[in-house]
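Fold and geometry: a report
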Amino acid sequence: MRHSSHSLYCPGEFTMTDRVPTGIPGFDELCEGGLLRNRTYLLAGTSGTGKTNFAFQFLHSGITQNNESGIFVATEERPEQIRENLLQFGWDLQSLEDEGKLAIIDACSTKIGIPSQERYVDVRPFDMRALLDQIIAIQDTIGARRAVIDSSTSLGFHLQDPAKVRIELLKLSTTVEILGLTSVMTCETIDDSLYSRFGVENFVTEGTIMLYNKRHENVRVRSMEIFKMRGSDHSKNIHPYEITTAGIVIHPHEEVY
Ligand SMILES: Nc1ncnc2c1ncn2[C@@H]1O[C@H](COP(=O)(O)OP(=O)(O)O)[C@@H](O)[C@H]1O
Ligand SMILES: [Mg+2]
């Protein structure tokens, strides 16, 4: 890691006004002030890079700092586990759910054949139409502005065929955009590259954020980059980030080589 002054991204005048602040310290200044509203972004990385934490920080800060309700589709972990894990960052999800500002869809329990006590439960076997209908119904109730699909990889496994994965994920990303949701879809990569499980996830979103956890001698260094962001200028550098007791923090003025 090294501090550099020559090749850093220097934001000029912001061109688009309707930016959605991510609530990730250090992120928004890498892309003209935040994500473009009503678009879907892919958040890709290997297991343990912090995708779920990052995505939930975007939802949590939206609710608590921007008064924008959120929908979280949990396919990888049961909502109970997520509530428990994220409490360590001081995020009380249950209260936000009780206030009607956050809806978590349990798309995990029924898939592995265990009962769910959750308010919103996705059906088995997986059916994209049913998931979309549920998102639409929740949207009618809570009027969300942000959504997270965690993860596209799990959904892909239910669909199997890459051509089908591509069209179904495109349906999902387009539907949430039409519903007025700015969304993050997580995606598991095979190694620290953009090789996703189905090879199509990157094509159905408007932007791609990569999280890396690279080994350097005997330590692993976390870093991130904005790989693609349609309609926006953005940093082309790789920046270090940390996972702290307050959540994810990016260091936008440092670079990793
Ligand atoms: N309080 C913490 N301090 C530092 N790192 C943490 C903390 N809590 C979680 N982590 C890191 O976050 C990782 C899990 O993040 P997560 O968002 O679940 O990853 P992913 O969804 O990409 O698999 C853990 O492997 C751990 O390294
Ligand atoms: Mg995860």
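One structure accompanies this document, and this report is about it. The written sequence of each chain sets the order in which its residues are numbered from 1. Lettering for chains starts from A, numbering for ligands starts from 1, and both go in the order in which the items are written. Where local features are concerned, this predicted model is filtered to residues with pLDDT of at least 70; where side-chain atom pairs are given and counted, the filter is 80 or more; whole-chain, interface and lining totals use all residues. The basis for every side-chain value is the complete set of non-hydrogen atoms in the structure, without hydrogens or water.

This paragraph deals with the pattern of salt bridges. Between Lys or Arg on one side and Asp or Glu on the other, a salt bridge is scored when a side-chain nitrogen of the former is within 4 Å of a carboxyl oxygen of the latter. Per the stated rule, a full pass over the model turns up 15 salt bridges. In this structure, Glu 97 and Arg 83 form a salt bridge, with 2.7 Å as the shortest nitrogen-oxygen distance. Of this pair, Glu 97 sits in helix H3 (residues 93–98) while Arg 83 sits in helix H2 (residues 79–86), placing them 14 residues apart in sequence. The class of Glu 97 is buried, set by a relative accessible area of 13%. Here Glu 118 ties to Arg 83 by a salt bridge, and the two come within 2.7 Å at their closest N and O atoms. Here Glu 118, found in the loop between strand E6 (102–106) and strand E7 (120–121), pairs with Arg 83, found in helix H2; they are 35 residues apart in sequence, far enough to count as distant. In DSSP terms, a helix is any run of H or I states spanning at least four residues, a strand is any run of E spanning at least two, and both are numbered starting from the N terminus. Throughout, exposure labels follow a simple rule: accessible area from a 1.4 Å probe, protein chains only, divided by the maximum for the residue type, with under 20% read as buried, over 50% as exposed, and the rest as partly exposed.

Time to look at the site of ligand 1. We call a residue near a molecule or strand as soon as one heavy atom of that residue lies within 4 Å of the molecule or strand. The full set of residues close to ligand 1 is Thr 46, Ser 47, Gly 48, Thr 49, Gly 50, Lys 51, Thr 52, Asn 53, Gln 88, Arg 222 and Ile 243. By the criterion applied in these results, polar contacts are pairs of N or O atoms within 3.5 Å in which, for protein atoms, one can donate a hydrogen and the other can accept it, and in which residues neighboring in sequence qualify only through two side-chain atoms. Between ligand 1 and Thr 52, the relevant distance is 2.8 Å, taken from an oxygen atom to a side-chain nitrogen or oxygen of the residue. The contact in question runs from an oxygen atom of ligand 1 to an N or O atom on the side chain of Arg 222, over 2.8 Å. In these tables, accessible area is a Shrake-Rupley quantity obtained with a 1.4 Å probe, and a residue counts as shielded only by the protein chains included in the view. Calculation on ligand 1 without its partners gives an accessible area of 580 Å², and the protein chains cover 65% of this total. Counting residues per element, the shell around ligand 1 draws most heavily on helix H1 (residues 51–66), which supplies three residues. Residues are sorted three ways: Asp, Glu, Lys and Arg are charged, Ala, Val, Leu, Ile, Met, Phe, Trp, Tyr, Cys and Pro are nonpolar, and all the rest, Gly among them, are polar. Its residues assigned to classes, the shell around ligand 1 shows one nonpolar, eight polar and two charged.

A few words on the sheet that holds E6. Strands sit in the order E7-E6-E5-E8-E9-E4-E10-E11-E12-E13 across an open sheet of ten strands; the sheet is mixed. Every other strand in the sheet has two partners, leaving E7 and strand E13 (247–250) as the edge strands with one partner each. With five bridges joining them, strand E4 (residues 40–45) and strand E10 (residues 207–216) adopt parallel strand pairing. Counterpart to Leu 43 in the pairing with E10 is Ile 209. DSSP calls a pair of strands paired once it identifies at least 2 bridges connecting them.

Let's shift gears to the pairing of strand E11 (residues 219–229). As defined by bridge partners, E10 adjoins E11 across ten bridges and the pair is classed as antiparallel. Within E11, the residue paired with Met 210 across the bridge is Glu 225. In this structure, the hairpin formed by E10 and E11 is closed by a connection of two residues, where Glu 217 is found at a positive phi of approximately 55°. Relative to strand E12 (residues 239–244), E11 runs antiparallel, the two sharing two bridges. Paired with Ser 223 across the two strands is Pro 240, which belongs to E12.

The next subject is the layout of surface pockets. A 1.4 Å probe that fits into a set of points on a 1 Å grid over the protein atoms alone but cannot get out defines a cavity; an open set with protein on both sides within 12 Å along at least five of seven lines defines a pocket, and lining residues are those with an atom within 4 Å of a point. Grid points are joined across faces, edges and corners, and a volume is the space filled by probe spheres set on the points. Space inside the largest pocket adds up to approximately 270 Å³. What lines the largest pocket is a set of 17 residues, among which Gly 50, Lys 51, Thr 52, Asn 53 and Glu 77 lie closest to the centre. Those elements giving two or more residues to the lining of the largest pocket turn out to be H1, H2 and strand E9 (182–188). Its residues assigned to classes, the lining of the largest pocket comprises three nonpolar, nine polar and five charged.

Only the six-membered ring of Trp is used, alongside the rings of Phe and Tyr, when aromatic pairs are assigned; centres must lie within 6.5 Å, and planes under 30 degrees apart are stacked while those over 60 apart are edge-to-face, with the rest tilted. As enumerated under the stated definition, the model contains four aromatic pairs in all. Each ring, one from Phe 27 and one from Phe 54, has its centre 5.8 Å from the other, and the planes form 85°; the classification is edge-to-face. Note that Phe 27 is positioned in the loop between strand E2 (19–20) and strand E3 (35–36) and Phe 54 in helix H1, a separation of 27 residues in sequence. The class of Phe 54 is buried, set by a relative accessible area of 2%. For the ring pair Phe 56 and Phe 72, a centre distance of 4.5 Å and an interplane angle of 25° mean the geometry is stacked. Pair noted here: Phe 56 is in helix H1 and Phe 72 is in strand E5 (residues 70–74), with a separation of 16 residues, a long-range link. Each member of the pair, Phe 56 as well as Phe 72, is classed as buried. Against the face of Tyr 212 rests Lys 214, its NZ or CZ located 4.5 Å from the ring centre. For a lysine, the NZ atom is tested; for an arginine, the CZ atom; a charge sits over a ring if that atom is within 6 Å of the ring centre and within 35 degrees of the ring normal.

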